[in-house]
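Examination of the molecular architecture
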Amino acid sequence: GENVEQHPSTLSVQEGDSAVIKCTYSDSASNYFPWYKQELGKRPQLIIDIRSNVGEKKDQRIAVTLNKTAKHFSLHITETQPEDSAVYFCAAIDGTRGGSQGNLIFGKGTKLSVKP
Amino acid sequence: EADIYQTPRYLVIGTGKKITLECSQTMGHDKMYWYQQDPGMELHLIHYSYGVNSTEKGDLSSESTVSRIRTEHFPLTLESARPSHTSQYLCASSDVDLNYEQYFGPGTRLTVT
């Protein structure tokens, strides 16, 4: 089945700097890669996703890039603000045929701290 | 407004008690999930369901059970709570026919004393 590795586990940046979180996946059949943001005490919420037919997607200050050959994808946050402080989870869809197909496999999370 | 709801939001209970965590969604989604998460930590899938009368175990072994009698409801039951069950439980749903996005409920924070 699918396995997702996420790095780094913690990231501290100065306000205004950029932040990059990287994930690798194992299942070449995966075709959907979302990123979730979980603020302290809140539920995880989707912030951006990418499908395997594109290499990059951007939404204001956040962007995701996908390299299918290398099986890795990254989240880029530019001009970071204190409200970007949260735990970020990457995920990949489980493309395995069988019962788990269609489940999201999550990385272990990255705690991002943006210092004012 | 379409959303996913969980009750109770917080629960403190003694060892050995039977508890049911409620999850309901008005999204019209067929697929539902339960995750266990220590605050800010890794999400562990413990149960999921494709629809009515469908229940599957997730990646993390759990002593809990689930049922899916109605599309909107996906309750999770612990027959005999233990301190090791202390955690946050997140319910989620998705419409796999449209996309794979999962929508999460606000969570139930369970403490077993």
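Placed above this text is the structure.
Residues numbered from 1 in each chain as written. Chains lettered and ligands numbered in written order. Predicted model: local features only at pLDDT ≥ 70, side-chain atom pairs only at ≥ 80, totals over all residues. Heavy atoms only, no water.

What follows concerns the sheet that holds strand 1 (residues 4-7) of chain A. Residues and elements named next belong to chain A. The 5 strands lie next to each other as 1-3-8-7-6, forming an open sheet whose pairing is antiparallel. Edge positions in the sheet fall to strand 1 and strand 6 (56-59), since each has one partner strand and no second. Strand-to-strand twist of the sheet, defined as the mean angle between neighbouring strand axes without regard to direction, takes the value 15°. Where strand 6 lies against strand 7 (residues 62-67), 4 bridges are found, and the strand directions are antiparallel. Residue pairing across strands places D59 opposite I62, the latter belonging to strand 7. (Pairing = 2+ DSSP bridges. Helix = DSSP H or I, 4+ residues; strand = E, 2+ residues; numbered from the N terminus. Axes fitted to C-alpha atoms, helices over the stretch in contact; angles between N-to-C directions.)

In this section: the side chain of B:S49. Residues and elements named next belong to chain B. Here S49 shows up in strand 5 (residues 44-49). What makes S49 buried here is its relative accessible area of 0%. Separated by 2.5 Å, the side chain of S49 and the backbone oxygen of S54 make a polar contact. In this structure the side chain of S49 is engaged in a polar contact, spanning 2.8 Å, whose partner is the side chain of R68. Every residue in contact with S49, bar those within four places of it in the chain, is listed here: D30, K31, M32, S54, R68 and F74. (Buried < 20%, exposed > 50% of the residue type's maximum accessible area, 1.4 Å probe, protein only. Polar contact = N/O pair within 3.5 Å; in protein donor to acceptor, adjacent residues only side chain to side chain. Contact = heavy atoms within 4.5 Å.)

Residue and element names in this part refer to chain A. Scanning all chains against the criterion turns up 2 disulfides over all chains. Paired by a disulfide, C23 and C90 hold their sulfur atoms 1.9 Å apart. Torsion about the S-S bond of the C23 and C90 cystine: about -100°, corresponding to left-handed handedness. One end of the pair, C23, is in strand 3 (residues 19-25); the other, C90, is in strand 9 (residues 86-93), with 67 residues separating them in the sequence. In this structure C23 comes out as buried when scored by relative accessible area, which is 1%. (Disulfide = S-S within 2.5 Å.)

Turning to the environment of B:Y5, a few remarks are in order. Residues and elements named next belong to chain B. With respect to the helices, strands and loops of the structure, Y5 is situated in strand 1 (residues 4-7). The sequence separation of Y5 and F104 amounts to 99 residues, and the corresponding C-alpha distance is 8.7 Å. If we skip the residues at most four places from it in the chain, Y5 touches E22, C23, S24, T26 and P106.

All names here are of chain B. Here strand 9 (residues 87-94) lies mainly inside the structure; 8 of its 8 residues are buried. The alternating pattern of strand 9 places S87, Y89, C91 and S93 on one face and Q88, L90, A92 and S94 on the opposite face, and all of these are buried. Judged from the 7 bridges that link them, strand 4 (residues 31-37) and strand 9 form a sheet pairing that is antiparallel. Residue pairing for strand 9: W34 is matched across the bridge by C91.

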